[in-house]
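# Summary of the model geometry
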Amino acid sequence: MLVFENVREMQKWSLDQKKAGKTIGLVPTMGYLHAGHLALVKEAAKASDIVVVSIFVNPMQFGQGEDFEEYPRDISRDISLLKAENVAAVFAPSARDMYPVGYSTFLEVTGEMTNKLCGKKRPGHFKGVTTVVSKLFNICIPDVAYFGQKDIQQVIVIEKMVKELNFSVKIERVPIVREASGLAMSSRNVYLDEVQKEAALVLYKALQYAEKLINGGEKDTAVLSKGIESIVKAEKLAIIDYIEIVDDVDLANVANLSNIKGSVVIALAVKIGSTRLIDNLVVEV
Ligand code: PAF
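Here we summarise the structure given alongside this text.

## Observations concerning the overall build of the chain
- Looking only at helices and strands, one finds 10 helices and 9 strands in the chain.
- By the compact-globule yardstick of 19 Å for 285 residues, the chain fits well, its C-alpha radius of gyration being 19 Å.
- In the chain, which comprises 285 residues, the proportion classed as buried is 52%.
- Contacts in the chain between residues far apart in sequence, at least 24 positions, make up 73% of those at least 6 positions apart.
- Of the side-chain charges in the chain, 34 are positive and 36 negative, and the distance between the mean point of each set is 2 Å.

## Notes on the sheet that holds strand β4 (residues 89-91)
- Reading across the sheet, the 6 strands line up as β1-β4-β3-β2-β5-β6 and stay open at both edges, with parallel pairing between neighbours. In the strand order of this sheet, the two ends are held by β1 (2-4) and β6 (170-174), each with one partner. Adjacent strand axes in the sheet meet at a mean angle of 25 degrees, parallel and antiparallel pairs treated alike.
- For strand β5 (residues 144-148) and β6, the ladder comprises 5 bridges, and the chain directions are parallel. Within β6, the residue paired with G148 across the bridge is V174.

## Considering the site of the ligand
- The environment of the ligand is formed by P28, T29, M30, N58, Q61, V132, F147, D151 and Q154.
- Here an oxygen atom of the ligand sits 2.6 Å away from a polar atom, N or O, in the side chain of Q154.
- Contact with the protein chains removes 90% of the 290 Å² of surface that the ligand exposes when unbound.
- Residues of the shell around the ligand, tallied by class, amount to 4 nonpolar, 4 polar and 1 charged.

## Here we look at the pattern of salt bridges
- According to the stated counting rule, one finds 17 salt bridges in the structure shown.
- The closest approach of N and O atoms between K12 and D16, which form a salt bridge, is 2.9 Å. In this pair, K12 and D16 are both assigned in helix α1 (residues 7-19), 4 residues apart and thus about one turn of the helix distant.
- The partner of R173 in a salt bridge is E159, and the shortest N-O contact between them spans 2.9 Å. A residue pair is termed long-range when its members are at least 10 positions apart, and R173 in strand β6 and E159 in helix α8 (residues 152-164) qualify at 14 residues.
- A relative accessible area of 26% means that R173 is categorised as partly exposed.
- Shared partners join several salt bridges into a network, and the residues in it are K121, D241 and R276.

## Regarding the nonpolar core
- Among the nonpolar cores identified, the biggest contains 44 residues, and M10, V52, F91, M98, F137 and I171 are the most heavily contacted of them.
- Examining the composition of this core, we find that 8 residues originate from one element, helix α7 (residues 125-140), more than from any other.
- When residues no more than four places from it in sequence are discounted, the contact partners of M98 are V7, F56, F91, P93, Y103, V132, K135, L136 and I139.
- Within the second largest apolar cluster, 28 residues are counted, among which are V202, V232, L268 and I272.

Conventions adopted
Residues numbered from 1 in each chain as written. Predicted model: local features only at pLDDT ≥ 70, side-chain atom pairs only at ≥ 80, totals over all residues. Heavy atoms only, no water. Helix = DSSP H or I, 4+ residues; strand = E, 2+ residues; numbered from the N terminus. Rg over C-alpha atoms; globule rule 2.2 N^0.38 Å. Buried < 20%, exposed > 50% of the residue type's maximum accessible area, 1.4 Å probe, protein only. Contact = heavy atoms within 4.5 Å. Lys, Arg positive; Asp, Glu negative; His and termini not counted. Charge placed at Lys NZ, Arg CZ, Asp CG, Glu CD. Pairing = 2+ DSSP bridges. Axes fitted to C-alpha atoms, helices over the stretch in contact; angles between N-to-C directions. Near = heavy atom within 4 Å. Polar contact = N/O pair within 3.5 Å; in protein donor to acceptor, adjacent residues only side chain to side chain. Areas by Shrake-Rupley, 256 points an atom, 1.4 Å probe, with all protein chains shown as cover. Nonpolar A, V, L, I, M, F, W, Y, C, P; charged D, E, K, R; others polar. Salt bridge = Lys/Arg side-chain N within 4 Å of Asp/Glu carboxyl O. Core = buried A, V, L, I, M, F, W, Y, C linked by side-chain atoms within 4.5 Å.

Next comes the structure, spelled out in structure tokens:
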């Protein structure tokens, strides 16, 4: 497995692979890999000749007072995990190489889609994500790129960017991987102690409750949101950031499920202690 730390070398290698007729599957990550990331890698390995995993804690997508400095990092552990998978190359650049002094080019999906849900409390976050992801696409030249459904707003924003800017890359959403307890895998789970981990189960519990109501015929999203709220509020350590029921394509709010053809996203952000957790369910209606 090759490890590239340099942007130019990574790009040259990717171009050589393309010239040799190989297809590239890219898994962009910020490292501290867990089973959720490895599920993306396995999906990529099924469909592409070559799998590239990027590991870069992107400073541009963290706001002031967010956890950029504390974000967990363990590149040697990540590399050994990836060696056990079918990965041809890891791209682990420095921030200075990605954003040299004087860097001033950004890519932003504007409007409601990036201002609601996580974007409301994290202004500039999605601009940082789309900027780095477009750079990764230019450097690693993937045919397909894999993103977890866990960050559903991120995938939807990237899908819109790819569509509207005519990137020739296919975006694949990979379902959420959960611990046996139901907790969605996240690098940030490392911030939780055992009591908080137990409390964090309330996110999935509330989502499952909403799904049960939908399967029982409930269409009114105000009723669904209220049901979710009452379950989360019963957990003393949990503070709700948002509960949103939105369209799977453009994140538009949905008042009644009868108005939806296809899938609806039930998205939840909850603070447990100082850790903000997100989770969601995509439900066919
Ligand atoms: O989901 C992540 O880990 C990051 O937001 C991504 C897509 C790698 C961009 O930095």
